[in-house]
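These are the residues of each chain, in order.
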Amino acid sequence: MKQELAEDPREAPQPGREARPARADGVAPDAAWRALLDGASAPYRAAGRFAWHFARGKLGRDPVFRALLERGELAGRARVLDIGCGQGLLASLLQACAEAAAQGRWPAAWGEAPGARQYTGIELMTRDVARAQAATAGLALAPRFVCADMRQAELPDCDLVVILDVLHYVDHAAQAALLARVRSALGRRGRLLLRVGDMDDARGFAASQWVDRLVTTVRGHRVPPTWGRSVAQWRELLQGLGFAVQALPMSRGTPFANVLLLADAAAIDGDSA
Ligand SMILES: C[S@@+](CC[C@H](N)C(=O)[O-])C[C@H]1O[C@@H](n2cnc3c(N)ncnc32)[C@H](O)[C@@H]1O
């Protein structure tokens, strides 16, 4: 059965997310987003034309980045771990957000600005890691990138784990094992933001698989099989690990069946953080 989802976050009201007085009421959200897009893409010029065009295209067209900021979903989390980080776009976006907030350019209509102080990205592909490092070397956030397979990589203690469009690259057992390690790395009150394709939406899921295969081939990688689950199955897996889960549709403007799972760690015995 198809899992029921919350309303589209771009349309839903934001209960409990009142604006903080320090923020500039006059900052228009669209202008603020364009400035963030410019700021987050600019460092990629140092990593070459492909890296810059990719950064602009991905940040500009994928609805997840702006939605996370509008909703304040990255607020109050100092230590961020981005698994399957690609060329590290989130690190650059976090830096642009920190600068905008510090300069009073954060829209009052949005949730609280991200609070990242530390960023670690884990990525399998050496070329992506090289682009990430070339682009972000000068950022105050000083992001750290680890070129490794997430199935074996050590996970640092963290407050927020972000995994966007990555887990379908490994089989079901590896997905479950990684998520159990993520739960341990997060400790008490940590949060996981996991975007997945909903296998119950056959057409949207097939569209994302088709694009995945195309991109993988064009980038000259071996094309691996992919492993999906329905939203209900993802939810069950996460709840079994002690997460409280909320699901939001997250593919607006695309043909995909992407869903963002907001998974908050419920305190369990043995948590230290
Ligand atoms: C669709 S891209 C998403 C990139 C990034 N999360 C984003 O949203 O912009 C998936 C990324 O996961 C990486 N990946 C796939 N399998 C991996 C593994 N076993 N360990 C680490 N990274 C992996 C790929 O190389 C690719 O960069």
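Rules used in this analysis
- Residues numbered from 1 in each chain as written.
- Predicted model: local features only at pLDDT ≥ 70, side-chain atom pairs only at ≥ 80, totals over all residues.
- Near = placed C-beta within 6 Å.
- Nonpolar A, V, L, I, M, F, W, Y, C, P; charged D, E, K, R; others polar.
- Axes fitted to C-alpha atoms, helices over the stretch in contact; angles between N-to-C directions.
- Helix = DSSP H or I, 4+ residues; strand = E, 2+ residues; numbered from the N terminus.
- Parallel < 35°, antiparallel > 145°, perpendicular 65-115°, else oblique.
- Left-handed = near helix turned anticlockwise from the far one by under 90°.
- Contact = placed C-beta atoms within 7 Å.
- Core = buried A, V, L, I, M, F, W, Y, C linked by C-beta atoms within 7 Å.
- Buried ≥ 20, exposed ≤ 12 C-beta atoms within 10 Å, placed from the backbone.
- Pairing = 2+ DSSP bridges.
- pLDDT = per-residue confidence, 0-100.
- Arc of directions from axis to C-beta.

**Student:** Tell me about the site of the ligand, and name the residues and values.
**Tutor:** Neighbouring the ligand are 18 residues, the closest being Gly84, Gly86, Leu124, Met150 and Leu164. Its residues placed into classes, the shell around the ligand shows ten nonpolar, two polar and six charged.

**Student:** I'd love a proper account of the packing of helix α1 (residues 29-41) against helix α4 (residues 89-102), names of residues and values included.
**Tutor:** Running from amino to carboxyl end, α1 crosses α4 at an angle of 125 degrees, the nearest separation of the two axes being 8 Å. Considered as vectors, α1 and α4 are oriented oblique to each other. In this structure, α1 crosses over α4, and the sense of that crossing is right-handed. For the pair α1 and α4, contact is made by Ala32, Ala35, Leu36, Gly39 and Ala40 and by Leu89, Ser92, Leu93, Ala96, Cys97, Glu99 and Ala100, respectively.

**Student:** Describe the nonpolar core, listing the residues and the values that go with them.
**Tutor:** Considering soluble globular proteins, one finds that nonpolar side chains tend to be buried as a cluster. Counting 66 residues, the largest nonpolar core has Leu93, Val161 and Leu261 as the members making the most contacts within it. A total of eight residues in this core trace back to one element, the largest contributor, which is α4. The residues touching Leu261, leaving out its near neighbours within four places in the chain, are Leu194, Val196, Trp234, Leu238, Val245 and Ala247.

**Student:** Got a sec to walk through the sheet that holds strand β6 (residues 243-249)? Specific residues and values, please.
**Tutor:** Overall, mixed pairing links the seven strands, which are arranged β3-β2-β1-β4-β5-β7-β6 in an open sheet. Looking at the sheet topology across the chains shown, the edges are occupied by β3 (144-147) and β6. Strand-to-strand twist in this sheet, taken as the mean axis angle between neighbours without regard to direction, amounts to 20 degrees. Strand direction decides the pairing type here: strand β5 (residues 191-197) and strand β7 (residues 258-265), joined by seven bridges, are antiparallel. Residue pairing in the sheet places Leu192 in a bridge with Ala263 of β7. Set on the sheet, helix α6 (residues 172-186) makes contact with β1 (79-83), β4 (160-164), β5, β6 and β7; between it and β4 the angle comes to about 155 degrees.

**Student:** If you had to explain the confidence of the model for the protein chain to someone new, which residues and values would you point to?
**Tutor:** Across the protein chain, the average pLDDT comes to 87, with 86% of residues at or above 70. When the criterion is pLDDT under 50, residues 1-22 qualifies, and its contacts beyond four places in sequence or with other chains add up to 31 contacts.

**Student:** So what's going on with helix α8 (residues 231-240)? Residues and values would help.
**Tutor:** For α8, every residue scored as buried is listed here: Val231, Trp234 and Leu238. Viewed along the axis of α8, the buried residues span an arc of 60 degrees, placing them on a single side of the element. The inward-facing, buried residues of α8 contact α6, β5, β6 and β7. Just downstream of α8, Gly242 is the residue with a positive phi angle, here 95 degrees.

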